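# Fold and contact review
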Amino acid sequence: MIRIALIDDHNLVLQSLADKLDTVADLRVVGRFTKQEQLITFLKKQQLDLLIMDFMLTEGTAFELITEINSLNLSLTPKYMILSGFYNELLHQQALDLGVRAFIRKEASYEELIAAVKSVCHGNIIVPATVYSHQNDNLSEIELRILDLMVAEKTNQEIASELFISRRTVETHIANICRKLQVNGRIGAVREAVKNNLV
């Protein structure tokens, strides 16, 4: 039996989602929460296989909640799935860096959601093709955001902290930015960005 918990600001959403998931064999919703502190207390006492969360919560974002849960050093850290009313590549990249297995739009059908839950529970990661698909040398959305922070003279660590991604990921993106702009380093990338109105 796969044990699932849900966290969302709205009780009606929680009830509807729980009702749908409980109809699926091998899935069991063992907790529904509107407050992060209630969820944290639950996780300290109960093991969980999957946590499905709204991206925007009353006390912050799902990214902040995940960071807090990861800091607990639980014997079993649940897999994470995020539901969101808005979506972009930058958010999905940040989610992947935090260990999120799926980032699903709220307008997805229940059939799509349940299929995603089953896939994640079987160890898969659901990644839209757009996140890793760069068939041309145009800068991606996350690369443009990092370039903007470089122009603002942010360090790699400061960029990583602001975007909720690892420093190594930032370094990889900067290397890709330099390659695409055909420059040798940060100074050249910033110069090209300003000259070509990229930021």
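What counts, and where the lines are drawn
- Residues numbered from 1 in each chain as written.
- Predicted model: local features only at pLDDT ≥ 70, side-chain atom pairs only at ≥ 80, totals over all residues.
- Heavy atoms only, no water.
- Salt bridge = Lys/Arg side-chain N within 4 Å of Asp/Glu carboxyl O.
- Helix = DSSP H or I, 4+ residues; strand = E, 2+ residues; numbered from the N terminus.
- Buried < 20%, exposed > 50% of the residue type's maximum accessible area, 1.4 Å probe, protein only.
- Domains from an automatic or database assignment.
- Contact = heavy atoms within 4.5 Å.
- Buried area = accessible area lost by both parts, 1.4 Å probe.
- Polar contact = N/O pair within 3.5 Å; in protein donor to acceptor, adjacent residues only side chain to side chain.
- Nonpolar A, V, L, I, M, F, W, Y, C, P; charged D, E, K, R; others polar.

- An unreviewed UniProt entry lists the chain under the name Response regulator transcription factor, with Ligilactobacillus agilis as the source organism.

## Looking at the pattern of salt bridges
- Inspection of every chain in the model, using the stated rule, returns seven salt bridges.
- Between R167 and E171 there is a salt bridge; the shortest N-O distance is 3.4 Å. You can see R167 and its partner E171 sitting in helix α9 (residues 167-181), four residues apart, about one turn around the helix.
- Judged by its relative accessible area of 44%, R167 falls in the partly exposed class.
- Salt-bridge contacts for E192 lead to K195; the nearest nitrogen and oxygen are separated by 3.1 Å. Taken as a pair, E192 and K195 lie in helix α10 (residues 186-195) at a separation of three residues, close to a single helical turn.
- Taken together, the salt bridges that share partners define one network made up of D8, D54 and K106.

## Overview of the domain arrangement of the chain
- Domain annotation of the chain identifies domain 1 (2-130) and domain 2 (141-196).
- Placing a centre on the C-alpha atoms of domain 1 and another on those of domain 2 gives a separation of 30 Å.
- Between domain 1 and domain 2, the contact holds nine residues from the first and eight residues from the second.
- Taken over both partners, the interface formed by domain 1 and domain 2 buries close to 790 Å², and the fraction arising from carbon and sulfur atoms is 64%.
- Linking domain 1 to domain 2 there are zero salt bridges.
- For the interface between domain 1 and domain 2, the tally reads zero residue pairs in polar contact (both at pLDDT 80 or more).
- Listing elements by their share of the side of domain 1 that touches domain 2, those giving two or more residues are α3 (62-70) and α4 (89-97).
- With five residues, α4 is the largest single contributor of residues to the side of domain 1 that touches domain 2.
- Taken together, the residues that form the side of domain 1 that touches domain 2 break down as three nonpolar, three polar and three charged.

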